[in-house]
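Structural features, examined
Spelled out from the first residue to the last, the chains are:
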Amino acid sequence: MEKTPKTVKESATVTHDIVHPGDANSYGIAFGGYLMGLLDKAACIAARRHCEGKVTTVGIDGVRFFRPAAVGAILDIKASINRVFNSSMEIGVKVTATPLEQTETFDVCHAYMTFAALDSNGKPTGIAPVIPETDDEKRRFAEAHIRRESRKKLKALYTGANTSPEKP
Ligand SMILES: CC(C)(COP(=O)(O)OP(=O)(O)OC[C@H]1O[C@@H](n2cnc3c(N)ncnc32)[C@H](O)[C@@H]1OP(=O)(O)O)[C@@H](O)C(=O)NCCC(=O)NCCS
């Protein structure tokens, strides 16, 4: 059955956190694994809102840590669906920080996370298309396709398989 398309903003998600000492490494800055957990949770919420069902993390690409966030910083985590493929979707996620006793915000890290939608048997299932509306959403939609094709080509280089667009 055809699933009803949704706009990006229908599932766009913003979550918040604060860096506590237990989230920091020995230099007093947010630990990478803690930040990855925040990215994964925000992406999961966006994915579930879009699919209205069960989802799971399949892969993570393009992780980049820009600047350290120290203990006390308030973090904003933004996630939105970049593109839906068949049973998978790419979600762009970014963390920004506002340090303790400051108002200036800066980028901490970002990633492109792929989630699959699962049916009641835990098998990948089709996802409703996403409709990009703004210029940024349209750019991310186009770039997500390039990333997917690049991933397939890289995999083919490793395995010597063909690069047919039909093969994941
Ligand atoms: C996700 C899972 C159900 C996929 O099952 P599978 O039989 O391997 O299914 P497929 O190979 O058809 O892959 C499913 C989708 O993921 C995509 N995919 C697979 N590997 C990928 C990767 N490395 N990066 C991005 N997308 C990937 C496929 O292209 C496919 O998407 P499409 O239908 O839109 O083309 C299975 O691998 C799984 O359960 N993994 C563990 C998930 C998990 O534990 N996550 C952490 C906790 S949330």
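Scroll up for the structure.
A short tour of the structure in this document, coming up. (Residues numbered from 1 in each chain as written. Predicted model: local features only at pLDDT ≥ 70, side-chain atom pairs only at ≥ 80, totals over all residues. Heavy atoms only, no water.)

A look at the overall build of the protein chain
Defined as follows: Under the scheme used here, helices are H or I runs from DSSP no shorter than 4 residues and strands are E runs no shorter than 2 residues, and both carry numbers assigned from the N terminus. Here the globule rule reads 2.2 Å times residues to the power 0.38, and the radius of gyration is calculated from C-alpha atoms.
Counting its secondary structure elements, the protein chain contains two helices and seven strands. The secondary structure elements of the protein chain, listed N-terminal to C-terminal, are β-β-α-β-β-β-β-β-α. The C-alpha radius of gyration computed for the protein chain amounts to 17 Å, which stays within 12% of the reference 15 Å derived for 168 residues, consistent with globular compactness. Across its three principal directions, the C-alpha atoms of the protein chain cover 50 × 40 × 35 Å.

With respect to the sheet that holds strand β6 (residues 106-117)
Cut-off, in case you're wondering: One bridge is not enough; two strands pair if DSSP finds at least two bridges between them. Orientation is described by axes fitted as lines to C-alpha atoms, over the contacting stretch for helices, and by angles from 0 to 180 degrees between their N-to-C directions. Contacts were defined at the residue level, with two residues in contact if any of their heavy atoms lie within 4.5 Å.
The five strands are arranged β2-β4-β5-β6-β3 in an open sheet whose pairing can be described as antiparallel. Because the sheet does not close on itself, it has two edges, and the strands there are β2 (13-18) and β3 (55-65). Geometrically, the sheet is characterised by an average inter-axis angle of 25 degrees between neighbouring strands, direction not taken into account. As paired strands, strand β5 (residues 88-98) and β6 are joined by 10 bridges and run antiparallel to one another. Its bridge partner lying in β6, Glu 90 is registered against Thr 114. Contacting β3, β4 (74-84), β5 and β6, helix α2 (residues 135-159) runs over the sheet at an angle of about 75 degrees to β4.

Some details on the pattern of salt bridges
This is how it is decided: Whenever a carboxyl oxygen of Asp or Glu lies within 4 Å of a side-chain nitrogen of Lys or Arg, that contact is scored as a salt bridge. Residue burial is assigned from relative accessible area. The probe radius is 1.4 Å, only protein chains are included, and a residue is buried under 20% of its type maximum, exposed over 50%, and partly exposed in between.
Counted by the stated rule, this structure contains eight salt bridges. With a shortest N-O distance of 3.6 Å, Lys 94 and Asp 107 are connected by a salt bridge. Of the two residues, Lys 94 sits in strand β5 while Asp 107 sits in strand β6, which places them 13 residues apart along the sequence. Under the relative-accessibility criterion, Lys 94 is labelled partly exposed at 35%. A salt bridge links Arg 139 to Glu 143; its shortest N-O distance comes to 3.3 Å.

Brief notes about the site of the ligand
Spelled out, the test is: If a single non-hydrogen atom of a residue is within 4 Å of a molecule or strand, that residue counts as near it. The definition of a polar contact used here is a pair of N or O atoms within 3.5 Å, where within protein one atom must be able to donate a hydrogen and the other to accept one, and adjacent residues in sequence count solely through side-chain atom pairs. We get accessible surface area from the Shrake-Rupley algorithm with a probe of 1.4 Å; when it comes to residues, only the shown protein chains can shield them.
For the ligand, the set of nearby residues contains 13 residues, the closest of which are Thr 57, Asn 86, Ser 87, Ser 88 and Arg 148. Contact distances for the ligand include 2.7 Å between an oxygen atom and a side-chain N or O atom of Ser 87. Separating an oxygen atom of the ligand from a side-chain N or O atom of Ser 88 is a distance of 2.7 Å. Relative to its free-state accessible area of 970 Å², the ligand is covered by the protein chains to the extent of 52%. Among the secondary structure elements, those contributing two or more residues to the shell around the ligand are β3 and α2. At three residues, the largest contribution of residues to the shell around the ligand is made by β3.

Quick look at the packing of aromatic side chains
To keep things clear, this is the line we draw: Each Phe, Tyr or Trp ring (for Trp, its six-membered ring) is paired with any other whose centre lies within 6.5 Å, and the angle between the two planes then decides the class: stacked below 30 degrees, edge-to-face above 60, tilted in between. Comment: the charge-over-ring label is applied if NZ (Lys) or CZ (Arg) is within 6 Å of the ring centre and within 35 degrees of the ring normal.
Counted according to the given criterion, the structure contains zero aromatic pairs. Note that Arg 67 overlies the ring of Phe 106, its terminal NZ or CZ placed 3.8 Å from the centroid. The ring centre of Tyr 112 lies 3.5 Å from the NZ or CZ of Arg 147, which sits over that ring.

Details of the environment of Val 55
Its location among the elements puts Val 55 in strand β3. Taking the relative accessible area as the measure of exposure, Val 55 reaches 13% and is therefore buried. Separated by 36 residues in sequence, Val 55 and Val 19 place their C-alpha atoms 27 Å apart. Apart from the residues within four sequence positions on either side, Val 55 is in contact with Cys 44, Ala 47, Arg 48, Met 89, Phe 115, Ala 116 and Ala 117.

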